[in-house]
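# Tertiary structure, described
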Amino acid sequence: MSTQSQRSTRKMIILALVSFGFAFAMVPLYNIACEKIFGIKLDNSASSEPKLAGTTIDETRTVQVYFDGTVNSKLPWAFAPVQTSMTVVPGKLYSTSYTARSTAAYATVGNAAPSVAPNQFSGFFNKTECFCFTEQALAAGESRDMPVRFIVSPDLPKEVSTLTLSYTFFINDAATAKLNAGPATGTALAAP
């Protein structure tokens, strides 16, 4: 075997080992990202229902959660919550959804910016699944339900009895342009 072939073989083996190590490290990196970036603390214990690590359910109280949805004027979508409010028990997992409908004659991509009011209590509202974690693409005239799963922390101060979860959808111009670019020839499917 030539020296060049031996070097190439070593490089391939090293690349394979590095790739394996990176894939192996993805699980702890995902857990760190969930906790540090999104504020979600995952509990990996066996359970039929996901919950926040160390969270107990406070059956002694309820919190009224209101839902709101708006769209920036540059994004041709209609967007609204399926239900406008829900009474929740802190510590329990709940699900709701929003509906988005494209009014454009071409495919569009949007990103949702979430907020919780009052803002100083946003850390007590934990989303475990949300369409806001990724960009959303809708074809011309397409409608879609977008689920949200959340837990209101039992550590929410007792004097707080209402929270509002709001989303504003913004157009993602770069992703929309890429989505509407034609096949490998680069021809546009539809002009935005």
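Notes on the structure in this doc start here. (Residues numbered from 1 in each chain as written. Predicted model: local features only at pLDDT ≥ 70, side-chain atom pairs only at ≥ 80, totals over all residues. Heavy atoms only, no water.)

## What about the pattern of salt bridges?
Put simply, the test is: Any carboxyl oxygen of Asp or Glu within 4 Å of a side-chain nitrogen of Lys or Arg constitutes a salt bridge here. Starting at the N terminus, helices and strands are each numbered in turn, a helix being any DSSP run of H or I of at least four residues and a strand any DSSP run of E of at least two.
Summed over the entire model, instances satisfying the criterion amount to 3 salt bridges. A salt bridge links E59 to K92, with the nearest nitrogen and oxygen atoms 3.7 Å apart. Placement of the pair is E59 in the loop between helix 1 (3–36) and strand 1 (63–71) and K92 in the loop between strand 3 (85–88) and strand 4 (93–102), with a sequence separation of 33 residues.

## Some details on helix 2 (residues 173–180)
The condition that has to hold: Only protein chains enter the accessibility calculation, which uses a 1.4 Å probe. A residue is then buried if its area is under 20% of the maximum for its type, exposed if over 50%, and partly exposed in between. As used here, the arc belongs to the directions running from the helix axis to the C-beta atoms.
Where helix 2 is concerned, the buried positions are A175, T176 and N180. Axial view of helix 2: buried residues confined to an arc of 125 degrees, hence all on one face. The exposed residues of helix 2 that point more than 90 degrees off its buried face are A174 and K178.

## A look at the packing of aromatic side chains
To keep it simple, the criterion reads: Pairing of aromatic side chains requires ring centres within 6.5 Å, counting the rings of Phe and Tyr and the six-membered ring of Trp. Pairs whose planes differ by under 30 degrees are stacked, by over 60 edge-to-face, and all others tilted.
All chains considered together, the criterion is met by 13 aromatic pairs. An angle of 90 degrees between the planes, with centres 6.5 Å apart, marks the rings of F67 and Y98 as edge-to-face. Linking F67 in strand 1 with Y98 in strand 4, this pair joins segments that are 31 residues apart in sequence. Y98 matches F67 in its accessibility class, with the two residues each being buried. On the basis of an interplanar angle of 85 degrees and a centroid distance of 5.1 Å, the ring pair of Y98 and Y167 is categorised as edge-to-face. With Y98 in strand 4 and Y167 in strand 9 (residues 162–171), the pair connects residues that are 69 residues apart, well separated along the chain. A residue is classified by how much of its surface remains accessible, and Y98, at 0% relative accessible area, is buried. Ring pairs connect the aromatic residues F67, W77, F79, Y94, Y98, F125, F131, F150, Y167 and F169, which therefore count as one cluster.

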